[in-house]
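Coordinates in review
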Amino acid sequence: MTAPSHDAAVQRQFSPQASAYLSSAVHAQGEDLKQMAGIAAAHPGARVLDLGCGGGHVSFNVAPLTAEVVAYDLSQSMLDVVAAEAAKRGLDNLRTCRGKAEQLPFGDGEFDLVMSRYSTHHWEDPGLGLREARRVLKPGGVAVFADVVSPGQALLDTWIQTIEVLRDTSHVRDYSQAEWLAMLADAGFVLQTMTLRRLPLEFSSWVARMRTPDALVRALREMAAIAPRPVKAHFEIQDDGSFTSDNAVIVVVKP
């Protein structure tokens, strides 16, 4: 019997919910998305890789501002939704490509910008994924990684990782600021900026987006109810299980 792979878990979790991610308010808007669009606007002739594009919101925001965007994801269902929406919006400079972050089917130095939003916490080997991102960037190219980050304290880290994997079996890890800086340095990137933000997450839509089974939804509600005081304070946990996560937008350069 073949053991289930992480890639299969990602496909199982996201393919049936592709349309939900297109319409998700959390994914379709936000200061982080505006920041990424602003970076793209500063590179109007750029060829851009949207790495782990999901519902395509980075692609949709940067395509009108740049020369070409490649929306890249492991889920073909996600890519089909992105392609259909791009056609509706008249974004003829946006194309899709399927694959995993750790094995990019592109040549060295093909892109001016690599952008990745809410994707890296699903990567099986983030170090390899970051090295691949650096490889396909031109010298002097810019990469932008936006994701949930761990607060970096043991108690808080344990809680956020636990609820993430209960909600979504394809979750690997929300990395702390220190972990991010180490991984990016190991991959050969030079840090430009790290912008930290807080993102409120409404519980019911958060679990519905991932089709979390009822038994695990009950476990998540119990986790919220019994969370220690420092956890409840940091994540601003509400009675209905809603909470606030820590997010970062990290801008780096390939020397």
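Residues numbered from 1 in each chain as written. Predicted model: local features only at pLDDT ≥ 70, side-chain atom pairs only at ≥ 80, totals over all residues. Heavy atoms only, no water.

Strand order in the open sheet formed by seven strands is E3-E2-E1-E4-E5-E7-E6, and the pairing between neighbours is mixed. The two strands at the open ends of the sheet, each matched to only one other strand, are strand E3 (94–98) and strand E6 (190–201). Here the strands of the sheet are splayed against their neighbours by 15° on average, with no regard to which way each runs. Alignment of strand E1 (residues 47–51) against strand E2 (residues 68–73), held across five bridges, turns out to be parallel. (Pairing = 2+ DSSP bridges. Helix = DSSP H or I, 4+ residues; strand = E, 2+ residues; numbered from the N terminus. Axes fitted to C-alpha atoms, helices over the stretch in contact; angles between N-to-C directions.)

Here we come to the environment of Val58. Summarising the element assignment, Val58 is placed in helix H5 (residues 57–62). Relative accessible area serves as the criterion here: at 4%, Val58 is assigned to the buried category. With 25 residues separating them along the chain, Val58 and Leu33 place their C-alpha atoms 6.7 Å apart. (Buried < 20%, exposed > 50% of the residue type's maximum accessible area, 1.4 Å probe, protein only.)

As for its placement among the helices and strands, Asn93 is situated in the loop between helix H6 (76–89) and E3. Residue Asn93 is classed as buried on the basis of its relative accessible area of 17%. Discounting chain neighbours no more than four positions away, the residues touching Asn93 are Ala63, Thr66, Ala67, Glu68 and Val69. (Contact = heavy atoms within 4.5 Å.)

In the structure shown here, the tally under the stated rule is 14 salt bridges. Arg95 is the partner of Glu68 in a salt bridge, and the nearest nitrogen-oxygen pair spans 3.5 Å. Taken together, the residues Glu68 in strand E2 and Arg95 in strand E3 connect sequence positions 27 residues apart. For Glu132, the salt bridge is made with Arg135, and the minimal N-O distance between the two is 2.7 Å. Separated by three residues within a single helix, Glu132 and Arg135 lie in helix H7 (residues 126–136), roughly one turn from each other. (Salt bridge = Lys/Arg side-chain N within 4 Å of Asp/Glu carboxyl O.)

In the Ramachandran plot, Tyr118 falls in the positive-phi region, its phi being about 55° despite a non-glycine side chain. Take Tyr118: it is sitting in the loop between strand E4 (111–117) and H7. Under the relative-accessibility criterion, Tyr118 is labelled buried at 13%. Residues other than glycine seldom take positive phi values, yet Glu236 does so here, at roughly 50°. On the basis of relative accessibility, which here comes to 41%, the residue Glu236 falls in the partly exposed class.

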